Amino acid sequence: MTDIKTLDPVAERVQQDLDSLAEIRDPGAAGWTRTVFSEPYRASRDWVRRRMTEAGLTVHADGAGNLVGVLPGRNPSAPALVTGSHTDTVEGGGRFDGIVGVLGSLEVVRQLREHDLGLNRDLLVVDFLGEESNDYGLSCLGSRSLAGELTTEDLDRRDLRGVSLAERYLGFGLDPSEVLASAARFARRDLHRYVELHVEQGPVLEERGAAIGVVTAIAAIRRLVATFTGRPDHAGTRPMGDRHDALVAAAEAVLAVRQEGCGAPVHGVATTSRIDSDPGSPNVVPGLVRMYAEMRSVDTGWLTDAQRRLATEIERKAAGHGVDVDLTWSLDNERVGTSQSVHEVVGHAADAIGATWEPVPSGATHDAVHIARLCPMGMIFVPSRDGRSHCPEEWTDIADVVTGIQVHAATLIALDRLPDDAA
Ligand code: GLV
Ligand code: MN
Ligand code: MN
């Protein structure tokens, strides 16, 4: 293992960046809302671009809408080191998810430059487009594109208003064919390692009193759209024993989803996030309901079995209510394990800094899932207060952010020195 070099991030500078970015948000929405393709997101990325340039990076926006900042290394032909994360948020989200990884990486770049610590390899700092799941049920648009995993079928997906993903790209000033071509262009560049700093978004580190999480694997996500077709009837006259109530069948399905999540032996979760009921009138028995759910686990065997059990249970319950059901499943991402070499370097970096660390799986998804197709990857987590995330209460103390940046910096420096052919 190479020696670990440690740096001292400037907390005030990082805090200032966190505060400035937090100001750019949708004023009409709860929390810190900056959803992909929105105007606040467009404005925030202009800010990120300026901040990247001020930190000393040469910045370009690629065809997939990612902001890529390059810190040139001594050997431009060596496979590049990559880091980054995202600055979009969920509706009603917080100030740390993704943001800590982008702004933390900028502080690393500033530190490297101020200490005249040139790297051998080019360092790419990427603010990936639209990491949060969107109206199309697709997370990680930017990193997915770079990995060649975004398909023409994905671009044809339509939201509830009938607008396609391709049209949303166009509205944001991005040409969909360029988005698809971005993978080919990015793949021309050899990549050495990818490491991402992120808030944990769950309670494990806090519960265990650990400053750093070294991620072992990122969960697979399967999404479900269930359409229940019953029969609309007069809510005042149709006898209870003679109804085909689509919403009652969907309610049974919501409970079945929860039950599967509760039965996972290692790590597994299952969530229903939305139900649309038609006609939605107080005096009509619902005839048509659409329900949206997802299941996640790092245990793919459990996930496959749970999906099968859940489908059977939803169909059985619906039939009992005289309701037809159509189940459409999609995969957001497969489970991805982190690289042993990156895991080891992060652990050594944490040890060198004197930060306690724990190996942890990630139930949240990340751009790292997709960049793992291009090079070995790893992730560094910092604690989230009360494990809260995707809500305005999301919080990580600046001292914890700074420890994370220290580990991140030491990791990047050590990975830079790792030979190209290291496992
Ligand atoms: C993103 O945060 C996700 O896990 O869906
Ligand atoms: Mn995130
Ligand atoms: Mn998120």
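Quantities reported herein were computed from a predicted structural model and do not represent experimental measurements.

Cut-offs used in this document
Residues numbered from 1 in each chain as written. Chains lettered and ligands numbered in written order. Predicted model: local features only at pLDDT ≥ 70, side-chain atom pairs only at ≥ 80, totals over all residues. Heavy atoms only, no water. Donors = N, O, S within 2.8 Å, 3.2 Å for Na, K, Ca; no water. Buried < 20%, exposed > 50% of the residue type's maximum accessible area, 1.4 Å probe, protein only. Helix = DSSP H or I, 4+ residues; strand = E, 2+ residues; numbered from the N terminus. Disulfide = S-S within 2.5 Å. Axes fitted to C-alpha atoms, helices over the stretch in contact; angles between N-to-C directions. Parallel < 35°, antiparallel > 145°, perpendicular 65-115°, else oblique. Left-handed = near helix turned anticlockwise from the far one by under 90°. Contact = heavy atoms within 4.5 Å. Nonpolar A, V, L, I, M, F, W, Y, C, P; charged D, E, K, R; others polar. Polar contact = N/O pair within 3.5 Å; in protein donor to acceptor, adjacent residues only side chain to side chain. Pairing = 2+ DSSP bridges. Near = heavy atom within 4 Å. Areas by Shrake-Rupley, 256 points an atom, 1.4 Å probe, with all protein chains shown as cover.

Colleague: Looking at this model, I keep getting lost on the coordination of the manganese ion (ligand 3). Mind explaining?
Modeller: Octahedral six-donor coordination of a metal ideally yields angles of 90 or 180 degrees, compared with 109.5 degrees for tetrahedral four-donor coordination. Taken together, Asp97 (OD), Glu132 (OE), Glu132 (OE) and His390 (NE2) make up the full set of protein donors to the manganese ion (ligand 3), lying 2.0 to 2.5 Å away. Judged by relative accessible area, aspartate 97 falls into the buried class, the value being 5%. By relative accessible area, which is 7% here, glutamate 132 ends up buried.

Colleague: It is not clear to me how the coordination of the manganese ion (ligand 2) should be interpreted in this structure. Could you clarify?
Modeller: Protein coordination of the manganese ion (ligand 2) is provided by His86 (NE2), Asp97 (OD) and His198 (NE2), with donor distances spanning 2.0 to 2.3 Å. Site description for the manganese ion (ligand 2): donor spacing in sequence, H-x10-D-x100-H. The manganese ion (ligand 3) is placed at 3.7 Å from the manganese ion (ligand 2), the two being bridged by aspartate 97. Placement of histidine 86 in strand 3 (residues 80-86) and of histidine 198 in strand 5 (residues 191-199) is noted, with a sequence separation of 112 residues between them. For the pair histidine 86 and histidine 198, one class covers both residues: buried.

Colleague: What is the right way to look at the state of the cysteines in this model?
Modeller: In a disulfide, the sulfur atoms of two cysteines are covalently bonded to one another. Under the defined criterion, the tally for this structure stands at zero disulfides. In this structure cysteine 375 is a free cysteine whose sulfur lies 15 Å from that of cysteine 140, the closest cysteine sulfur available. When its relative accessible area of 5% is taken as the criterion, cysteine 375 is described as buried. Among the cysteines around cysteine 391, which has no disulfide bond, cysteine 140 carries the closest sulfur, lying 19 Å off.

Colleague: Looking at this structure, how should I read the packing of helix 9 (residues 246-262) against helix 10 (residues 300-320)?
Modeller: Helices that pack against each other are described as a pair by the angle of their axes relative to one another and the distance between those axes. The N-to-C vectors of helix 9 and helix 10 enclose an angle of 155 degrees; their axes lie 9 Å apart at closest approach. Taken together, the axis directions place helix 9 and helix 10 in an arrangement best described as roughly antiparallel. The way helix 9 lies across helix 10 gives a crossing that is right-handed. Only Trp302, Ala306, Arg309, Leu310, Glu313, Ile314, Lys317 and Ala318 of helix 10 make contact with helix 9, whose side of the interface consists of Ala249, Glu252, Ala253, Ala256, Val257, Glu260 and Gly261. In the contact of helix 9 with helix 10, the residues fall into nine nonpolar, one polar and five charged.

Colleague: Is there a simple way to explain the side chain of threonine 227 in this structure?
Modeller: Note that threonine 227 resides in strand 7 (residues 220-229). Among the polar contacts listed, one links the side chain of threonine 227 to the side chain of arginine 290, at a separation of 3.3 Å. Not counting the four nearest positions on each side in its chain, threonine 227 is found in contact with Leu288, Val289, Arg290, Asp324, Val325 and Asp326.

Colleague: Which parts of the structure should I look at to understand the sheet that holds strand 7?
Modeller: Picture the strands of a sheet paired through backbone hydrogen bonds; they go either parallel or antiparallel. Spatially, the four strands line up as an open sheet ordered 9-11-7-12, and their pairing is antiparallel. Strands with a single pairing partner mark the edges of an open sheet, and in this sheet they are strand 9 (268-278) and strand 12 (324-333). Taking each pair of neighbouring strands and ignoring which way they run, the sheet shows an average axis angle of 15 degrees. Strand contacts of helix 9: strand 7, strand 9 and strand 11 (288-297), with the helix running at about 170 degrees to strand 9, the strand carrying the most contacts. On the sheet, helix 10 packs against strand 7, strand 9, strand 11 and strand 12 and is oriented at approximately 160 degrees with respect to strand 11.

Colleague: Explain the site of ligand 1 here, please?
Modeller: As a matter of local geometry, ligand 1 sits amid Glu131, Glu132, Arg296, Ala364, Thr365 and His390. In this structure, an oxygen atom belonging to ligand 1 sits 3.1 Å away from a side-chain N or O atom of glutamate 132. Notes on ligand 1: free accessible area 190 Å², of which the protein chains cover 96%. For the shell around ligand 1, the class distribution of residues is one nonpolar, two polar and three charged.

Such coordinate-based values are descriptive only and should not be taken to indicate function.
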